[in-house]
Each structure stands twice: as structure tokens, then as C-alpha cells.
Amino acid sequence: MAPTPGAPAPWRIEIFRKTRFDDPEGTHALAAIEALAQQSPKLAGATSVRYGRGFLLPGELSADKVQEIVGELLADPVVDEAATFEPGATPPAPPSGQRMLVARKPGVMDPVAQTLTRSLAQLELIPGESTPLVQTFHVWQIEGDLSEESLTEIGNELFANEVIETLAVGDETLAYGLPSPRPPVGRVEVELLGLDDAGLMELSTGGQLYLNLEEMHCVQEHYKSVGREPSACELETLAQTWSEHCQHKTFRGNIDFDGERIDNLLKSTIAAATHEIDHPFCISVFHDNAGIIEFDKDLEMDLAFKVETHNHPSAIDPYGGAGTGIGGVIRDILGVGMGARPIANTDAFFVGPQDLPAEDVPRGSLPPRRILNGVIAGVRDYGNRMGIPTVSGGVWYDKGYVANPLVYAGTVGLIPRKFAHKTVVPGDIILVVGGRTGRDGIHGATFSSIELDEESEMTSAAAVQIGDPITEKKVAEGLLTARDLGLFRGLTDCGAGGLSSAIGEMAENTGATVHLERVPLKYPGLTPDEIWISEAQERMVLGVPPEKLEECIAVFAAEDVEATPLGEFNDTGRLVLKYEDEVVADMDLEFLHNGTPKPLRKATWTKPDLADPGAPKIEDPKATLLGLLAQPNIASKEWIVRQYDHEVQGHSVIGPMSGRKHDAPSDGTVLQPCPESKKAVALGCAANARYGKLDPQAMAETVIDEAMRNVVATYGDPKKTALLDNFSWGNCDKPEQLGALVLASKGCYAAAKAFGTPFISGKDSLNNEYRVGDTTLSIPPTLYLSSISVVPNVNNVVSMGAKKEGNLILLVGHTRPELGGSELHDLMGLWGGNVPRPDLRYAKATFEKLHGAMKYKQIAACHDLSEGGLAVALSEMCMAGDMGAEIDLSVIDHDDFPEGYDVDTTLLYSESPSRFLIEVEPGKKYHLQSKMSGIAATPIGRFVSGAKGISIKDSLGRPHLKASLDEVREAFQTRP
Amino acid sequence: MSRPKALVLRSTGTNCQEETSRALTRGGADTDVIHTNHVLHDVSKLDPYSILVFAGGFSYGDDLGAGRAWGAELRHFLSDTLKKHLERGGLILGVCNGFQVLMETGIFEPEASASTRKMALYANESGHYECRWVHLETLETKCPWLVPGERFPVPVAHAEGRFVVRDDEALASLKAAGQLALAYTTPDGEGDVLYPQNPNGSTAHIAGVTDPTGRALGLMPHPERNLDGWNHPDSARMGKRPEGEGAEFYSRLVKVAAGAN
């Protein structure tokens with residue numbers, strides 16, 4: 001998008017920190033350059049960096065006015081110094097060093113410019129009615145011995161994303177203007193009826209529809225029966241609605257799994273579990289934007305929960321992709337029922353190893369470290385600004401995610417029962433509220449459903465979305481006010497597919513007419529198709545009774561939010577789109593929503609043919625434990641957690657970090673979102689890609705068990721727990737990939753049924769593959785499982801840290817020889833063996849009895865055993881309590897382990913599920929064990945003073961391992 | 001004693017109004033929440049209130065610098081009103097972004113111009129947002145609802161909370177005037193205060209300041225996030241606490257306002 005030619009040159013302002021104050025942004029830029037230079041020595045040489053914020057203001061302003069604007073809005077009088085350059089003038093070359101400029105391309109969302117524009121108008125600093133054109137940029141002044149070429153490389157690696165930004169080194173030119181408009185177009189007819197197969201596929205790919213041949217045939221047949229060619233707008237609508245992202249064609253399709261016929265995988269596994277369990281606390285499952293469960297019956301208050309994936313956008317622009325991922329799932333919660341109030345965010349990232357050598361990064365991919373830092377910053381800057389605590393989540397590292405990282409974002413909302421359902425009534429006005437529409441994110445829904453390749457970063461540039469959290473915050477305030485005043489009765493968010501999906505879904509059982517020229521635009525020149533499918537963020541669609549329209553618009557106006565009527569719902573069963581009175585689309589809603597063909601896909605599974613590496617005897621027990629604590633998947637995530645506001649709203653009961661020094665990982669997190677209620681809500685999550693590679697079904701059952709353990713360990717009620725499934729998989733056109741998906745789904749069914757915990761919502765992201773030349777890299781099968789549980793009484797929650805010297809440590813549950821995919825195997829370079837799998841006959845009783853014991857305050861601390869097994873869990877409890885522990889493995893009863901399984905190694909590092917370590921006062925041991933009757937609860941030792949550290953006796957009672965708390969802490973604090 | 005009236009002021013992007021309102025109500029005030037858009041052109045709406053609280057969040061995204069856009073707005077439309085509010089004995093509190101905003105309004109240095117301003121809040125030394133629990137110590141202050149010498153835990157959550165001064169002389173004069181009200185400290189008040197006990201690199205570990213009268217207080221930490229005993233991450237081992245220390249911070253504020261009525 002080229003800028004408007006001929007815009008008059010702007011004023012240019014650059015703000016730096018005064019030299020007597022330090023410059024954290026510059027310091028961090030220097031540190032990042034130095035870290036990069038360690039990987040690529042030719043980029044070494046920078047000695048200092050200063051960072052500056054840049055602004056472009058209209059050239060017609062007077063010099064006095066510009067100084068006034070700088071003083072009022074841009075520079076702090078104590079710490080900043082500003083340099084102002086007249087229109088046309090550029091900064092002189094610095095006496096030493098070089099300058100690097102990064103600016104957003106014209107038309108790319110720029111919240112800072114929006115805020116400045118608003119303030120200028122409000123303070124009457126800009127004369128006249130017209131909206132001034134304000135732009136921003138960044139400057140780095142870099143000293144040191146670096147060539148222009150090296151600086152450009154540094155800029156591209158660290159500071160600029162060429163998809164949305166321009167980078168200039170040694171060139172002070174900055175583009176100033178809006179994207180150039182395109183010639184106006186109305187209805188565009190597409191020739192479809194006469195195409196042969198090759199022509200159909202060319203249309204599908206060239207037009208970025210990404211429908212397969214069978215679907216294209218189906219569309220062609222439909223238009224033959226209608227007797228005319230489709231319009232471009234109609235084809236786009238079909239492509240968005242039929243995308244894998246929106247329709248879940250694979251999950252809802254028919255499958256031949258090694259001879260077993262499965263009609264609709266979703267219905268026959270995950271949804272089947274929910275329907276068969278038929279839990280009375282389920283208020284709304286699967287059909288709305290999020291699942292809803294009952295929270296407090298007396299208050300008629302419910303909880304909504306949704307988790308989304310945002311993988312492909314995050315691969316291309318980690319910061320924007322993750323930010324809009326969290327922004328999108330927050331809108332899901334705002335748009336569930338008649339709107340829920342967000343109370344918590346969750347996030348999970350799956351990324352490549354952070355120390356991956358530069359030469360191993362596939363062409364066209366970003367380095368794993370940049371991806372992780374980018375997605376963390378994206379979630380931080382969006383979630384924190386929304387005032388929603390980010391409380392739960394995780395990071396998992398695996399080579400399989402190098403080219404295709406996974407980003408999951410979830411939101412929990414609080415919703416009064418009376419708002420849990422909504423309706424669309426013919427005659428109601430279609431009201432779009434929130435941000436303006438630009439060319440952002442066009443083809444996002446179809447893009448997220450195809451595999452990435454080397455070119456994706458450029459061809460799908462338009463699919464990138466940039467978020468503006470403050471607009472979303474305003475929308476949220478207006479929406480909840482309008483809800484409480486009863487000003488609308490239909491509601492959904494604009495997500496993938498933009499207005500096309502939002503209005504298309506709302507009108508599914510009615511009909512609608514939409515006037516696209518009424519949609520407020522960020523800049524002129526969008527075609528009707530672009531308006532219709534743009535994925536510009538921070539927009540929602542309401543169905544408003546005509547008599548409430550005026551008041552509804554006023555409520556949003558009071559929050560500075562635009563609300564624009566686009567048309568109305570009707571009972572025609574047709575979706576009619578108009579652009580300045582011309583009909584650009586006229587579609588049958590039945591065909592749109594139910595016309596997708598359901599092919600029969602083949603699925604198969606072959607168990608990997610691997611020898612069982614067993615559990616080797618460990619030569620250096622202390623080094624092994626410390627090595628495990630430093631494993632990227634186990635080591636502390638505190639450096640990430642601290643960047644998120646996890647305390648806003650003031651509901652914290654158990655936060656993400658626990659313990660005396662607040663440095664130990666909590667199992668689940670607990671919030672008390674309703675001060676009128678004694679009840680609280682616990683959140684947990686789990687995933688394990690290595691298990692998935694070896695045995696998808698065992699993986700699914702185990703991650704469900706772990707997500708359950710997370711919440712049960714904090715006093716979440718196992719009988720009032722619900723689950724959310726998020727599958728990210730490779731290309732399911734490949735039978736082995738689909739076979740793994742079938743097995744994982746069967747695992748979901750088995751475990752959910754056994755636990756009596758329904759799935760209430762889910763989302764899948766398939767086709768997570770990356771093509772470089774002829775090689776296709778697929779992600780490991782990844783099921784991210786979230787749990788939400790009602791805690792009966794906030795006063796009785798249990799945290800994971802050791803509480804008191806002398807208290808007993810009990811191991812709950814059975815340890816089996818299950819080290820397949822374990823952290824110990826990874827540390828030792830082993831691969832294969834039995835993947836941990838819960839014994840579903842006993843797991844449920846374990847959870848329920850533990851919960852019963854907590855009810856009677858028998859348990860001082862509880863921590864679940866997961867990656868790294870018993871030894872890691874014990875270390876974490878000790879760190880949290882700042883206490884040592886003495887345990888003795890010889891007291892543990894277990895079945896005989898097979899040959900090749902060293903008893904000590906297996907007891908300490910097996911990852912068998914359904915196990916916990918609990919802390920019990922000596923006087924309560926008998927009572928506890930009677931509460932746990934039938935479930936193994938073995939006293940294995942006691943907590944001692946911190947100075948004594950951790951000591952473990954082996955299965956014959958001999959000293960095996962001794963480590964000080966400092967050693968344990970240091971290992972755990974290793975940053976990948 | 002009648003219940004004093006408290007007003008929580010919010011702006012676009014403010015996000016702590018609910019817990020702040022909860023804290024004031026629980027502390028004994030009749031509390032309202034209002035968007036400053038609705039008072040800028042009718043400042044008499046503030047008259048009935050004896051407590052004005054600027055709540056935390058990200059006003060206008062902090063896009064131009066923390067608190068800058070909202071601060072400029074208040075400086076233009078509400079400066080005189082806030083001054084009069086203090087003159088007639090009213091109290092003002094700014095928490096986190098509310099503190100940053102009050103700093104921008106110039107209320108803490110009523111006699112200063114832009115070129116003579118002594119203090120500012122800016123980017124944390126770590127260069128990024130941080131959320132963690134810290135301990136505060138109350139210094140010798142005129143603030144009528146703080147008790148000098150007290151120590152209490154409280155969470156911080158901000159990216160631009162570093163207190164800095166123009167020069168050493170400025171720090172000395174603020175201290176002499178009793179305007180330095182709260183400082184980060186260690187849990188037991190002993191030993192050097194290091195990162196992360198001082199979470200942002202503030203000069204002299206300062207976490208909160210007042211205007212010359214002491215009746216307008218701004219602080220970076222969030223007492224309203226510590227109303228219940230269980231809010232603290234190590235609460236299980238802190239012994240029986242009927243409520244969080246932040247509850248008393250707000251109830252004393254309300255009591256002082258009630259006494260002034």
C-alpha cells in the first residue's frame with residue numbers, strides 16, 4: 001500500500017531521555033543486540049543505544065503550536081528532551097554512530113497516533129474540523145563499529161517486522177500519508193459455471209478461497225441450480241464460512257479409521273461425553289461463543305470460559321498475533337450469551353528451543369527466541385491494558401514448533417444467569433460497535449486453515465492483525481452497560497471472517513440485509529468484499545430492537561465508541577448485501593451454513609516401533625535432579641508471569657506463583673470473583689507433546705488427568721469441574737495425522753466419562769505444517785486442555801508450598817513404570833517406552849477422596865506430580881516453603897517393575913498420573929488415611945528446616961540424594 | 001458519623017474502578033464511579049464528594065507516556081476544581097495510573113511550572129511491566145490517613161512507576177516539606193532495599209508522595225488489591241488476618257473524611 005502522493009511534508013518530533021536519566025529502552029535494545037551478536041558474531045560491535053519516540057504532525061501547524069503540543073502531550077519536562085524539525089527538514093547526521101528508523105506502513109493500525117489525534121482535538125490544539133494526519137515512528141541511535149548492512153540485519157532481526165513496518169538505516173525519509181485508494185467497484189461477477197477442475201482449483205487458490213475441489217464442485221452445482229454466476233462477495237462469504245477455522249470440517253466430517261466408521265468425530269467423542277454425562281451445572285455448551293457453567297446457584301451467577309488458538313498470525317507477527325489472539329478470545333467472552341464480564345485470561349505458548357542455532361531456523365521463519373519474546377509482549381500489552389488478570393497458562397518447548405509456533409489464549413467471564421442466552425428477532429437492527437474497518441486481516445480465516453510456507457510471511461501480509469486494546473476496553477464498558485439496561489437481544493463478536501462470519505452466523509435461522517457502505521472505514525477506498533471479510537479488530541455486532549436503537553447508540557457514545565446501524569435481520573432465509581443500492585450478494589443461508597460436503601477421510605495409526613529404554617540407574621542423582629529442574633519445560637516461568645498483571649480486579653486467592661518468596665509454581669490458580677459469594681473458581685491446564693508423539697490416546701487421558709489435578713490440588717470440586725479441548729494438529733488429510741486425532745479424541749471421551757467432567761467448549765487448529773522446498777515440517781500432535789472448577793469455600797483453599805517443619809509428607813496414588821516421553825528421558829536422550837496413562841478405575845476416587853479430606857482441613861499443602869515426577873514436585877514444595885525435606889523411598893509399596901526399570905529412578909522420575917504429594921500434621925495422619933481409604937496415601941518423610949536441604953533415601957533405605965535449597969533454586973531459575 | 005461520599009474517577013482505559021470502589025464502600029464510604037468525560041464540562045458534579053480517587057489502569061492506553069493524555073485533560077479542565085477541593089478540606093488519592101495522572105496535573109507541585117517541576121514517574125529500570133508483591137513503609141508525612149513507621153505488604157503492577165527527581169536538591173526539598181510519604185522496604189524493614197523489593201528503581205525507594213498539604217496522596221502500589229487476607233501469595237503462613245492490609249488503608253481514609261465533614 002503506497003502512501004498518498006503529494007501529502008504536504010510534516011513536522012517531525014523526536015523525544016529522547018535526557019542523558020542524565022538512564023534510558024531503559026536503549027539499554028534493553030543494546031542487550032538484545034549483544035545477545036544476537038553471540039549467535040552471529042558479524043553483528044557484534046554496538047557500544048551504546050539510545051531510543052527515541054518519533055511523531056509526524058501536519059505541516060500547516062505553526063511553530064508555536066508544535067512547541068505547545070510537545071510540552072502538553074509528548075515530552076515530560078523532567079526526564080525528556082525533544083528535538084523538532086520543520087516540515088521538509090531532517091535531523092542532521094549524529095556526530096558519531098548511526099540512526100535506525102522503524103515506521104508503520106500506511107494504513108496499519110497505530111493506537112498511539114489515534115490517542116494523540118484524540119487529545120489534540122479535545123485540547124483544541126489543532127484548529128479546524130478536519131482530522132489531522134498524525135503518524136509515529138521509532139528511532140534508535142546506535143554507537144559502535146557496525147556497517148549499514150549489519151545494522152539493517154539487526155533491525156530486521158530485532159526491531160522491525162517487514163510485514164507491517166518499514167526499516168531505514170542511514171536514510172531519514174519517512175512516508176507520510178494514507179494508503180492510496182482503489183477505484184470504486186460494485187458487484188463483481190466471477191465466472192464459475194463453465195470452469196473445469198483445473199479452472200476451479202485455480203480460482204480457489206488464486207482467489208485465496210482455499211476450498212478443495214469437492215467443495216468447489218459443490219459451489220458450482222449450487223450456482224448452476226440457481227442459474228447464474230456468483231459474485232465475488234458471495235464466493236468470499238462461502239470461503240470464510242466453509243473454512244476449516246470456522247466449520248471444523250475435519251472434526252465434523254466422516255472418517256474411516258482402520259476400518260472403523262466414525263460419523264462426526266466431534267459428536268461421537270467429545271460432545272458425546274458431555275451429553276452422556278448430562279451434568280446439571282452445564283448452562284450452555286458448544287453452541288455459543290463460550291461454554292457456560294453454574295458458579296453460585298443462590299446468586300444465579302455463572303462462569304463462561306473459552307480458549308482460542310492464534311497460531312498462524314503469531315508465526316508471522318508474534319506480537320500482533322498473540323495480542324489479537326487474547327483480544328479475540330476476550331470478545332468471545334464479551335459476546336457469549338448477552339455478554340459476560342471478563343475476570344481472567346489464560347495463555348499457553350508452544351515454541352522451538354530458545355538456543356536453536358541460527359542455521360537451523362527454516363527459511364522464512366522467525367527465530368524461536370524472537371517468537372517467544374514477541375508473543376509474551378503481545379499478551380502482556382493487550383491483557384494488561386484490558387484490566388484482566390492473566391493467571392494461568394504455560395510454555396512448552398519442542399523442535400517441532402520451530403516453524404509453526406502455537407499460541408493459545410483463553411478468557412473466563414462472570415455472567416448472571418439471566419444473560420446466558422440470546423435471540424435474533426426479525427426486524428431487529430444490525431448494529432456494529434467498536435473500531436473502524438480497514439484492510440487488516442483480510443483472509444485471516446482461510447489463511448489460518450492452510451499450511452504455511454516460505455512465502456507466507458509476504459503473501460499473507462494482509463492477514464496480519466494489529467490490536468488496539470483501549471478500543472476493546474471501551475467496547476467492553478459500553479457493552480456491559482447496554483446489557484444491563486436491556487438495550488439489545490442479539491450479540492456476537494467479529495472474529496475470523498469479520499462481519500461475514502458474525503452476521504452470517506447471527507442470521508443463520510432468520511435472514512438479513514446489510515448495507516456495506518455504512519460500515520465506518522479507517523480510510524477510503526475499500527471494496528465491498530474487503531469491508532465484508534476484513535478482520536479489523538475490536539468490533540462486535542448487536543441485534544437491537546428498533547425502539548432501543550437510539551439509547552443503545554448513546555450508551556456507546558458515552559464511552560467514545562462508534563455504533564453504526566448496518567441493516568436489519570428479517571425472516572427471508574437469505575443474506576443480502578448491498579453497496580450503495582447495488583446488490584453485491586444474495587445468498588441462501590441454508591446452503592451457506594449446511595451445504596458443505598462431508599467427504600469420507602481415511603485415518604490410520606501405527607504404534608511407533610521403538611525399544612523401551614526403561615529407567616536406567618542414575619549415576620549422579622543430584623546432577624540429575626538439578627538438570628531436570630533446569631529443563632525448559634520444568635524451569636521457572638516467573639520471568640514471564642511477572643510481566644502480566646495477575647492481580648488486577650483484586651480477586652486473587654492463589655496466584656500463578658506461590659510460597660514464601662513467591663517463586664514456586666502454583667498448581668491451579670484460584671480467584672474469588674464475586675465478593676458476595678464464598679465460592680471461588682480454580683483454573684488449570686495441561687499439555688504434553690512428547691506423550692502425543694508416542695501415544696495420542698494415553699496423552700489425551702493424561703493431560704485431562706493433569707488439568708483435573710491442577711484444580712483439585714487447590715480445593716476445586718472434582719464433581720464441579722469442566723474441561724475445554726484445544727487441538728492443534730498437522731495436516732489431517734494425511735491418514736496418520738487424522739489417526740492420531742481420532743485416538744486423542746477417544747482418549748478425551750474415555751477420561752471425561754470416567755471423571756464425570758463434561759467438555760463445555762473447544763476449538764481446533766488443523767493444518768499446522770510448514771513447507772520449505774519439498775520438505776514438510778509438521779507440529780507434534782498437541783492437545784491443550786483447560787479445566788475450570790468451582791471451589792466450595794474460599795477459606796479452605798490449599799496451596800502447594802510446605803507449611804511447617806515436622807509435618808508429614810504423604811505420596812497419594814500409585815507409581816507405575818511410565819517414563820515414555822518423560823522429562824528424564826529427554827534429559828538422558830532416550831526415546832520410547834510406555835506413556836503415562838491414568839488408571840481410570842481409580843483416578844476419580846482419588847480426586848474425590850482428596851477433596852473430602854480438604855473439606856475437613858486435613859491437608860496443609862498439596863502439589864500434583866507431573867513433568868519430572870516425585871523428585872521435582874518435592875523440590876518445588878520445598879522452594880515454596882523455604883524448607884527442606886527428608887524422604888525415604890523404601891517405604892513405598894509398588895508392583896514389581898519390569899526388567900530395565902531401576903526402582904529408585906522409576907519412583908523418583910516416573911510421570912504416572914493421578915498422584916499428589918500432600919503435607920499433613922502428624923496428629924492428623926490417622927484421620928487423613930481413613931478419609932482416603934482405598935487410595936494409597938503413604939507417609940514417605942517429613943519437612944525439615946531449610947538449612948538441611950532435601951535428602952532422599954533409596955528403595956533400600958540408603959542415602960541416595962542430597963541437595964541444598966540454594967542449589968535447587970538456582971537450577972529452577974535457569975532461563976531457557 | 002455520616003458516611004462520607006467518595007467518587008472514583010475513571011477515564012478511557014481505566015481498569016481498577018471496581019476494586020477501588022469496593023475498597024471505599026467496604027471502608028465506610030458511599031461510593032460512585034464516573035467517567036471524567038461527564039464532568040469536564042460540568043465540574044460542579046464533583047462538589048458533593050469529600051474523597052476523589054483517580055483509579056489505576058491504562059488511561060488512553062498510556063500511549064503517549066503513562067497518564068499523560070488523561071493528565072493533560074485534567075490539567076486543562078479540572079485544575080481549579082481539584083485545588084478548591086483540597087482547600088475546603090477534601091481528600092484526593094491517585095493509585096498507580098491515577099498517581100501518574102496526578103503527577104501530570106501538577107497537583108503535587110502547585111507552585112511549579114514545567115521548567116521548575118521537581119519530580120516525575122517514568123520507565124521501570126527493568127524496562128518492562130512488572131507485577132509482584134512488595135512491602136511499603138510509611139515515612140514522616142502530613143498525609144492524615146497514614147501512620148508513620150508502619151510497614152505493610154501490597155502488590156505493584158506497572159511499567160512506568162520509577163520515581164525520579166530533577167536533582168538532589170529537589171529530593172531534599174521534597175523531604176523537608178514532608179511530601180515523601182511512602183517508600184519500598186524489605187519484609188522486616190531491615191537491611192538494604194534491593195531489586196525486586198524496590199521493584200522499579202525509584203530514587204530513595206519512594207513509592208508515594210503527597211501535595212504540600214498532605215491531603216492529596218499518590219502511590220504506585222495497589223492497596224485495593226489487598227482487601228482480603230487470602231490475597232497475599234503467602235497468606236497461608238501469615239497467621240490469622242481478618243482482612244488484607246489494604247482494607248485498613250481505605251477505611252482510615254474514609255474515617256478521616258468523615259471527621260472532616
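Residue positions are given per chain, counted from 1 along the sequence in the order it is written. Lettering for chains starts from A, numbering for ligands starts from 1, and both go in the order in which the items are written. Only residues with pLDDT of at least 70 are given local features in this predicted model, and only at 80 or more are side-chain atom pairs given and counted; all residues enter the totals for whole chains, interfaces and linings.

Describing the overall build of chain B
Only DSSP runs of H or I with at least four residues qualify as helices, and only runs of E with at least two residues qualify as strands; both kinds are numbered from the N terminus onward. Within chain B one finds six helices and 11 strands. Principal-axis analysis of the C-alpha atoms places the extent of chain B at approximately 50 × 45 × 35 Å. By definition, residues are in contact whenever their C-beta atoms, placed on the basis of the backbone, come within 7 Å of each other. The long-range share in chain B, meaning contacts at least 24 apart out of those at least 6 apart in sequence, stands at 75%.

A closer look at the interface of chain A and chain B
Every contact between the two is made by 51 residues of chain A and, on the other side, 49 residues of chain B. Contributing elements (two or more residues each) for the side of chain A that touches chain B: helix 1 (24-39), helix 2 (63-74), helix 3 (111-122), helix 14 (368-386), helix 17 (469-484), strand 24 (652-654) and strand 25 (657-658) of chain A. Take the side of chain A that touches chain B: its biggest share by element is six residues, from helix 3 of chain A. Classifying every residue of the side of chain A that touches chain B gives 20 nonpolar, 18 polar and 13 charged. Basically, the charged four are Asp, Glu, Lys and Arg, the nonpolar ten are Ala, Val, Leu, Ile, Met, Phe, Trp, Tyr, Cys and Pro, and anything else, Gly included, counts as polar.

Observations concerning the packing of helix 22 (residues 621-629) of chain A against helix 29 (residues 869-881) of chain A
Any two packed helices are characterised by how steeply their axes cross, that is the angle between the axes, and by the distance between the axes. All names here are of chain A. Axes here refer to lines fitted to C-alpha atoms; in helices the fit is confined to the stretch in contact. Angles between the N-to-C directions go from 0 to 180 degrees. Where helix 22 contacts helix 29, the axes come no closer than 10 Å and their chain directions differ by 70°. Our classification of the angle between helix 22 and helix 29 gives roughly perpendicular. When helix 22 is examined against helix 29, the residues Leu-625, Leu-628 and Leu-629 are found in contact with a partner set consisting of Ala-871, Val-872 and Ser-875. For the contact of helix 22 with helix 29, the per-class residue count stands at five nonpolar, one polar and no charged. An angle counts as roughly parallel when it lies under 35 degrees, as roughly antiparallel when it exceeds 145, as roughly perpendicular when it falls between 65 and 115, and as oblique in every other case.

Overview of the sheet that holds strand 35 (residues 861-864) of chain A
Strand pairs in the sheet, formed through backbone hydrogen bonds, run parallel or antiparallel to each other. Residue and element names in this part refer to chain A. Two strands pair under a simple rule: DSSP has to find at least two bridges between them. Read across the sheet, seven strands follow the order 35-37-34-38-36-39-40 without closing on themselves; strand pairing throughout is mixed. In this open sheet, the two edge strands, each paired with only one partner strand, are strand 35 and strand 40 (959-963). Neighbour to neighbour, the strand axes of the sheet diverge by 20° on average, direction disregarded. Here strand 39 (residues 950-953) pairs with strand 40 via four bridges, running antiparallel. Across the sheet, residue Ile-952 finds its bridge partner in strand 40, namely Leu-961.

Here's the deal with the sheet that holds strand 14 (residues 406-416) of chain A
Residue and element names in this part refer to chain A. If you trace the six strands from one edge of the open sheet to the other, you get 9-10-11-14-12-13, paired in mixed fashion. The sheet is open, and its two edges are formed by strand 9 (282-284) and strand 13 (390-397), each paired on a single side. Put simply, the sheet's adjacent strands are angled 25° from each other on average, direction ignored. Bridging between strand 12 (residues 341-351) and strand 14 involves nine bridges; their strand directions are antiparallel. Directly across from Ala-344, in strand 14, lies its bridge partner Val-412. Where helix 13 (residues 318-334) meets the sheet, its contacts fall on strand 11 (301-309), strand 12 and strand 14, and the angle it forms with strand 14 comes to roughly 25°.

Quick notes on unusual backbone geometry
Cis geometry is adopted by the peptide bond preceding Pro-196 of chain B, which originates at Tyr-195 of chain B and carries an omega value of 5°. If you trace the backbone, Pro-196 of chain B turns up in the loop between strand 9 (180-185) and strand 10 (206-210). With a phi close to 55°, Tyr-210 of chain A is a non-glycine residue in the positive phi region. Residue position: Tyr-210 of chain A is located in the loop between helix 5 (197-206) and helix 6 (213-226). You will see that Asn-264 of chain A, though not glycine, has its phi angle at about 65°, which is positive.

Some remarks on the packing of helix 25 (residues 696-712) of chain A against helix 26 (residues 735-755) of chain A
Residue and element names in this part refer to chain A. Running from N to C, helix 25 and helix 26 point in directions that differ by 40°, and their axes come no closer than 7 Å. Relative to helix 26, the element helix 25 lies oblique. Of the two possible hands of crossing, helix 25 and helix 26 adopt the one that is right-handed. Packed against helix 25, whose contacting residues are Pro-696, Gln-697, Ala-698, Met-699, Ala-700, Glu-701, Ile-704, Asp-705 and Met-708, the element helix 26 presents Ala-740, Leu-743, Ala-744, Lys-746, Gly-747, Cys-748, Ala-750, Ala-751, Ala-752 and Phe-755 at the interface. Residue composition of the contact of helix 25 with helix 26, by class: 14 nonpolar, two polar and three charged. Left-handed describes a crossing whose near helix is turned anticlockwise from the far helix by less than a right angle; the clockwise case is right-handed.

Thoughts on helix 29 of chain A
Note that an α-helix has 3.6 residues per turn; residues three or four places apart therefore point the same way. Residues and elements named next belong to chain A. Working rule for helices: expected span equals 1.5 Å times residues minus one. In this model helix 29 runs 19 Å from its N-terminal to its C-terminal C-alpha over 13 residues, within 8% of the 18 Å that 1.5 Å per residue would give. Exposure classes come from backbone-placed C-beta atoms, where a residue is buried if 20 or more other C-beta atoms lie within 10 Å of its own, exposed if 12 or fewer do, and partly exposed in between. Within helix 29, 13 of the 13 residues are buried, leaving the element largely enclosed by the surrounding structure. Two residues or fewer after helix 29 comes Asp-882, characterised by a positive phi angle close to 55°.

Looking at the domain arrangement of chain A
Split into domains, chain A comes out as domain 1 (11-169) and domain 2 (799-976). An automatic or database domain assignment supplies the residue ranges for each domain. Taking only C-alpha atoms into account, the centre of domain 1 of chain A sits 53 Å from that of domain 2 of chain A.

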